[in-house]
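# Structural characterization, general
Each chain, letter by letter, is given below.
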Amino acid sequence: KGTARIQAAVHFQDTADVLYVTCNVTVVQPALSAKTITCAVNAIQTASAVDYKDMDIQWTVADSGIAAVDAKTGRITGKKAGKTSIKAVFTSKRGAEYQIEGTLIITNPQFTQKTFVVAKGSKLKLTLTGIDGQSQTKSWKSAHSSKIAVANGTVTAKKAGTATVSAVVDGKQVSCTVTVSEPKLDTPTLIVQKGKTAKIKVSGTKAGSVIRYKAKN
């Protein structure tokens, strides 16, 4: 890998002259930018390569039912969840060929719930399904960051309200609704006569809230 100069000496017997000719030889080692590529269903990703100076590339996938790829640009479109191989064929100007294969994983990401409920002042890790261990999740956003902040999939509930939280997973944007509740006991102090029962009421909850009761004494 690198560049070298080759020199040849041509001797002419009649004149005893010597003609020197040189040429530069560049040795390249084409490689895929990523050995494994993840792309969501109906999303678009682009395969790329490195170190293929002055060579043409042709891209193909083994299973066209899982994904399609543009032969010239490497633009991948996910069709259905599954795994297949992607191949790059490098051709030099003199016709020499070099082939490399990688793994292409098509995912179908979505949140495990359409709506998540979290209490004010609490944090909650949002969960995804339909992904792979190689999946790339980025660009987390909250439509109302003053109510709900999000970082790396964990939401922080700032004040009561609702916001849409989204992320880009394997090239596809997925979203869910996060609702912040503000639960409180209607009666902070409850006096119950021995042998009698009383009902504890909680207000400020939202649809989907989970209430668990626990006695300390």
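Here the structure is shown first, and the text comes after it.
Presented here is an overview of the structure given in this document. (Residues numbered from 1 in each chain as written. Predicted model: local features only at pLDDT ≥ 70, side-chain atom pairs only at ≥ 80, totals over all residues. Heavy atoms only, no water.)

### With respect to the sheet that holds strand 19 (residues 161–169)
Rule in force here: When DSSP finds two or more bridges between a pair of strands, those strands are recorded as paired. In this description a helix means any DSSP run of H or I spanning at least four residues, a strand means any run of E spanning at least two, and both kinds are numbered starting from the N terminus. The axes used here are C-alpha line fits, helices contributing only the stretch in contact, and every angle between their N-to-C directions lies in the interval 0 to 180 degrees.
Read from one edge to the other, the open sheet built from four strands follows the order 13-20-19-16, with strand pairing classed as mixed. The open sheet has two edge strands with one neighbour each: strand 13 (115–119) and strand 16 (137–142). The sheet shows a mean angle of 25 degrees between the axes of neighbouring strands, taken without regard to direction. As judged from the nine bridges shared by strand 19 and strand 20 (residues 172–181), these two strands associate in the antiparallel manner. Counted as the bridge partner of Val 169 is Lys 172 from strand 20.

### Topic: the packing of aromatic side chains
Worth spelling out the cut-off: Pairing of aromatic side chains here covers Phe, Tyr and the six-membered ring of Trp, requires ring centres within 6.5 Å, and sorts the geometry by plane angle: under 30 degrees stacked, over 60 edge-to-face, intermediate tilted. Note on exposure labels: buried denotes an accessible area under 20% of the residue type's maximum, exposed denotes more than 50%, and partly exposed covers the range between, all computed with a 1.4 Å probe on protein chains only.
With the rule as written, the count across this model stands at four aromatic pairs. Between Tyr 52 and Phe 90 the ring centres are 5.9 Å apart and the planes differ by 50 degrees, which places this aromatic pair in the tilted class. On the criterion of sequence distance, the pair formed by Tyr 52 in the loop between strand 6 (49–50) and strand 7 (56–61) and Phe 90 in strand 10 (residues 82–91) is long-range, its members being 38 residues apart. On the basis of relative accessible area, Tyr 52 is assigned to the partly exposed category, the value being 31%. Judged by its relative accessible area of 0%, Phe 90 falls in the buried class. Judged by centre distance (6.3 Å) and plane angle (80 degrees), the ring pair of Phe 111 and Phe 116 falls under edge-to-face.

### Let's talk about the side chain of Asp 170
Which entries qualify depends on this criterion: This count recognises Lys and Arg as positive and Asp and Glu as negative, with His and chain-terminal groups excluded. For this analysis, a salt bridge means a side-chain nitrogen from Lys or Arg found within 4 Å of a carboxyl oxygen belonging to Asp or Glu. In the analysis that follows, any N or O atom pair within 3.5 Å is treated as a polar contact, provided that within protein one partner can donate a hydrogen and the other can accept it, and provided that, for residues neighboring in sequence, both atoms belong to side chains. Residue contacts are counted whenever heavy atoms from the two residues lie within 4.5 Å of one another.
By the secondary structure assignment, Asp 170 is in the loop between strand 19 and strand 20. Of the side chains bearing the opposite charge, Lys 138 lies closest to the buried Asp 170, which forms no salt bridge; the N-O distance is 8.9 Å. Within polar-contact distance, the side chain of Asp 170 engages the side chain of Thr 107 at 2.7 Å. Not counting chain neighbours up to four residues away, the residues in contact with Asp 170 comprise Thr 38, Cys 39, Ala 40, Ala 43, Gln 45, Thr 107, Ser 135 and Gln 136.

### Some words on the nonpolar core
Threshold: For this analysis, a nonpolar core means a set of buried residues of the types Ala, Val, Leu, Ile, Met, Phe, Trp, Tyr and Cys, connected via side-chain atoms within 4.5 Å.
Core analysis: the largest hydrophobic core is formed by 22 residues, its most contacted members being Trp 59, Ile 76, Ile 86, Phe 90, Leu 104 and Ile 106. Where this core is concerned, the elements lending two or more residues are strand 4 (36–40), strand 7, strand 8 (67–69), strand 10 and strand 11 (97–107). Those residues within four positions of Ile 86 in sequence are excluded, and the remaining contacts are Ala 47, Trp 59, Thr 60, Val 61, Val 69, Ile 76, Ile 100, Glu 101, Gly 102, Thr 103 and Leu 104.

### As for the environment of Lys 194
Considering the arrangement of structural elements, one finds Lys 194 in the loop between strand 21 (184–185) and strand 22 (202–203). Overall, the relative accessible area of 82% leaves Lys 194 in the exposed class. Taking C-alpha positions, Lys 194 is 41 Å from Thr 156, a pair spaced 38 residues apart along the chain.

### What about the sheet that holds strand 4?
One open sheet accounts for four strands, arranged 4-11-10-7; its pairing is mixed. Edge strands, defined here as strands with exactly one partner in the open sheet, are strand 4 and strand 7. Strand-to-strand twist in this sheet, taken as the mean axis angle between neighbours without regard to direction, amounts to 30 degrees. As judged from the six bridges shared by strand 7 and strand 10, these two strands associate in the antiparallel manner.

### Some words on the pattern of salt bridges
Tallied over the entire structure, the rule returns one salt bridge. The partner of Lys 120 in a salt bridge is Glu 182, and the shortest N-O contact between them spans 3.4 Å. In this pair, Lys 120 is assigned in the loop between strand 13 and strand 14 (123–125) and Glu 182 in the loop between strand 20 and strand 21, connecting sequence segments 62 residues apart. Of the residues examined, Glu 182 reaches a relative accessible area of 39% and is grouped as partly exposed.

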